[in-house]
Amino acid sequence: MSLARRCTQAASTKRALIVAGKRQAPATHLTGLLCAPLYPADASRLGQLVELGVIESIVNVYETFVLGNQDIVPGDLLTTGGIDYVIRGAAAWSRPGTAGHFMHLTVERILQ
C-alpha cells in the first residue's frame, strides 16, 4: 500500500506566537491535514533528540507522515484523534522515484 493511501487520519496543528516578547497560547494554524496512523518511534534513531534534551522519554514518542509539504515546525502541536502531541522533529520527505511529498514528524504525547 502506498504511503499516500495510508494518510487517512484527520489532523490539525496549533502554533504559539510570540507577541511583545511573550509566548501566546497555541492557536489553530493548519486544518484539514491527512496523516498516517501514529506508530512508536524507532528508539535507535532518537539518540540525538534525547541527548539534546528535546524529548524527555522514548516511551511516549511517535512518528507519522503528513500528506504534502506543510508549514510545520518543531514546537507546533499536532492534534489527531482528539490528542495533542508536541512536534519534536519535522522534515520534508519524498520517496525517490515517486511524485508524492510528505512531512515526516517525530512527536511526543503530552501527558497531563
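Residues numbered from 1 in each chain as written. Predicted model: local features only at pLDDT ≥ 70, side-chain atom pairs only at ≥ 80, totals over all residues. Heavy atoms only, no water.

### Things to note about the overall build of the protein chain
Item 1. In terms of regular secondary structure, the protein chain is built from 2 helices and 9 strands.
Item 2. Moving toward the C terminus, one meets the helices and strands of the protein chain in the order α-β-β-β-β-β-α-β-β-β-β.
Item 3. Counting all 112 residues of the protein chain, 35% fall into the buried class.
Item 4. A separation threshold of at least 6 residues defines the contact pool for the protein chain, and within that pool the share at least 24 residues apart is 58%.
Item 5. Entry remark: accessible area of the protein chain is about 6,800 Å², with carbon and sulfur atoms responsible for 54%. (Helix = DSSP H or I, 4+ residues; strand = E, 2+ residues; numbered from the N terminus. Buried < 20%, exposed > 50% of the residue type's maximum accessible area, 1.4 Å probe, protein only. Contact = heavy atoms within 4.5 Å. Areas by Shrake-Rupley, 256 points an atom, 1.4 Å probe, with all protein chains shown as cover.)

### Notes on the pattern of salt bridges
Item 1. For the structure on display, the rule yields 4 salt bridges.
Item 2. A salt bridge links D76 to R15, with the nearest nitrogen and oxygen atoms 2.8 Å apart. With a gap of 61 residues between them, D76 in the loop between β6 (61–67) and β7 (77–80) and R15 in strand β1 (residues 9–15) connect regions that are remote in the sequence.
Item 3. Taken together, the salt bridges that share partners define one network made up of R15, D71 and D76. (Salt bridge = Lys/Arg side-chain N within 4 Å of Asp/Glu carboxyl O.)

### Remarks on the pairing of strand β8 (residues 83–93)
Item 1. Two strands pair when backbone bridges link them, and β7 and β8 are joined in this way by 4 bridges, in the antiparallel orientation. Opposite T79, over in β8, you have D84 as the bridge partner.
Item 2. The turn linking β7 back onto β8 is made up of 2 residues, and G81 within it adopts a positive phi angle of 60 degrees.
Item 3. By the bridge criterion, 8 bridges tie β8 to strand β9 (residues 102–109) in an arrangement that is antiparallel. Across the sheet, residue A92 finds its bridge partner in β9, namely M103. (Pairing = 2+ DSSP bridges.)

### Considerations on the confidence of the model for the protein chain
Item 1. Looking at the protein chain, the pLDDT average stands at 85 and 81% of residues meet or exceed 70.
Item 2. Mean pLDDT across the elements of the protein chain ranges from a minimum in helix α2 (residues 47–51), with 62, to a maximum in β1, with 97. (pLDDT = per-residue confidence, 0-100.)

### Overview of the packing of aromatic side chains
The geometry of an aromatic ring pair is captured by two quantities: the separation of the ring centres and the angle between the planes.
Item 1. Counting across every chain of the model gives 3 aromatic pairs.
Item 2. When the centroid spacing of 6.0 Å and the interplanar angle of 80 degrees are considered together, the rings of Y62 and Y85 count as edge-to-face. Of this pair, Y62 sits in strand β6 while Y85 sits in strand β8; the two residues are 23 residues apart in sequence, bridging distant segments of the chain.
Item 3. A centroid spacing of 6.0 Å and a plane angle of 55 degrees characterise the contact between W93 and F102, whose relative ring orientation is tilted.
Item 4. Among the aromatic residues, those joined into a ring-pair cluster are F65, W93 and F102. (Phe/Tyr/Trp six-rings, centres within 6.5 Å; stacked < 30°, edge-to-face > 60°.)

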